[in-house]
Amino acid sequence: MRTVALLLLIAVTSSLGAQAPRPVTPPATDQTFYSVAYIEVKSSARATAIQAMKWYKDSIRPNTASLRTELFEQADRPGHLLLVETWQSQAAFDSGAAMFRKRLMDSIEPLRLSGWDERPYKTLSVASGAAEATGRSVFVISHVDVTPDPKIAGMLKELAEKSRLEEGNVRFDVLAHTMRSNHFEVIETWQNQKALENHAAAAHTRQYRDNVQPALGSPLDERIYKAIE
């Protein structure tokens, strides 16, 4: 009887062990890496520079670690170009883009009017709004430079979340500099100019501007761009 009882105890214990929940593996940290490069070239050379940037975009497209490559030109300043790249990780960017990036920079070198201003970023708040892009879509890209203050990141995330709920918002991304905790990049897409104007006048936008003003290290560097297809 003792042997039978012991066997039953072992069986029950094993059963309980098998039913015990497995440890939950925490989600992986977001490793997405963003490279934002500002490039200013001679107006007479803009077509050549744009062609070189398109070549670069086409060259890295087959790399599955390259998630998105966007080309922009400042709406009212021909030759003021912007290259925004999204990669799975910084390591993927470093290994997958290096050769093509060198060739691009060599091509741009004789055309440029200022240094190649490249900045590394990580995700702070990235998501799409409900609207769809159109031929009249407006792109706003801002560099936010503030005195170190842990509250700023939360303010930007709140602005992004509320802005995505606005009519006409296509995209509102906030990126944080990988090495400078007080530098951020904000990338917005609005369906049309009217949607952008409504956003600028929205209560939450005005509240954000009032709250961030005391911490600004320089005036908000907010610029209107057009996409280069």
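Okay, so let's go over this structure. What you are looking at is a predicted structure, and each value in this text was computed from that prediction instead of being measured.

The next thing to look at is the overall build of the chain. Of regular secondary structure, the chain possesses six helices and eight strands. The order of helices and strands in the chain, counted from the N terminus, is α-β-α-β-β-α-β-β-α-β-β-α-α-β. Across the 229 residues of the chain, 44% fall into the buried class. Partitioning the intrachain contacts of the chain with sequence separation of at least 6 by distance along the chain shows that 76% fall at a separation of at least 24. Working note: accessible area of the chain is about 13,100 Å², and carbon and sulfur atoms make up 55% of it.

Counting through the fold element by element, Ser-142 comes out in strand E5 (residues 138-145). The residues contacting Ser-142, other than those within four sequence positions of it, are Phe-184, Glu-185, Val-186, Glu-188, Asp-221 and Glu-222.

Our next topic: the pairing of strand E8 (residues 221-227). One ladder, built from three bridges, connects strand E2 (residues 66-74) with E8; its direction is antiparallel. Within E8, the position partnered with Phe-72 by the bridge is Ala-227. For E5 and E8, the ladder comprises five bridges, and the chain directions are antiparallel. Its bridge partner lying in E8, Ile-141 is registered against Arg-223.

Here we come to helix H2 (residues 46-60). When the terminal C-alpha atoms of H2 are compared, their 21 Å separation across 15 residues agrees well with the 21 Å that a helix rising 1.5 Å per residue should span. On its buried side, H2 packs onto strand E1 (33-40), E2, strand E3 (80-87) and helix H3 (90-108).

Taken in spatial order, the eight strands line up as E1-E3-E2-E8-E5-E7-E6-E4 and close into a barrel, and their pairing is antiparallel. Each adjacent strand pair in this sheet contributes to an overall mean axis angle of 35°, direction not counted. Summarising the sheet, E1 and strand E4 (residues 117-125) pair through six bridges and their orientation is antiparallel. Directly across from Tyr-38, in E4, lies its bridge partner Asp-117.

Assignment of secondary structure puts Phe-184 in strand E7 (residues 183-190). Residue classification places Phe-184 among the buried positions, given a relative accessible area of 3%. Non-local contacts of Phe-184, meaning those with residues more than four positions away in its chain, are made with Tyr-121, Leu-124, Ser-142, His-143, Val-144, Val-146, Ile-152, Ala-153, Leu-156, Leu-175 and Ala-176.

Looking at the secondary structure, you find Gly-129 in the loop between E4 and E5. Spatially, the C-alpha atom of Gly-129 lies 7.8 Å from that of Glu-166, the residues being 37 residues apart in sequence. If sequence neighbours within four positions are ignored, Gly-129 has contacts with Arg-164, Asn-169, Val-170 and Arg-171.

With that settled, consider the pattern of salt bridges. Enumeration according to the criterion identifies 15 salt bridges in this entry. The partner of Arg-171 in a salt bridge is Glu-70, and the shortest N-O contact between them spans 2.6 Å. Residue Arg-171 is located in strand E6 (residues 169-177), and its partner Glu-70 is located in strand E2; the two are separated by 101 residues in the primary sequence. Comparing Arg-171 with Glu-70, the two get one shared label, buried. One salt bridge in this structure joins Asp-117 and Arg-119, with 2.8 Å as the shortest N-O distance. For Asp-117, a relative accessible area of 30% corresponds to the partly exposed category. Arg-119 gets classed as buried once you look at its relative accessible area, which sits at 18%. In this structure, a network of salt bridges that share partners links the residues Arg-68, Glu-70, Arg-171 and Asp-173.

Conventions used here
- Residues numbered from 1 in each chain as written.
- Predicted model: local features only at pLDDT ≥ 70, side-chain atom pairs only at ≥ 80, totals over all residues.
- Heavy atoms only, no water.
- Helix = DSSP H or I, 4+ residues; strand = E, 2+ residues; numbered from the N terminus.
- Buried < 20%, exposed > 50% of the residue type's maximum accessible area, 1.4 Å probe, protein only.
- Contact = heavy atoms within 4.5 Å.
- Areas by Shrake-Rupley, 256 points an atom, 1.4 Å probe, with all protein chains shown as cover.
- Pairing = 2+ DSSP bridges.
- Expected span 1.5 Å × (residues − 1).
- Axes fitted to C-alpha atoms, helices over the stretch in contact; angles between N-to-C directions.
- Salt bridge = Lys/Arg side-chain N within 4 Å of Asp/Glu carboxyl O.

By themselves these figures say nothing about function.
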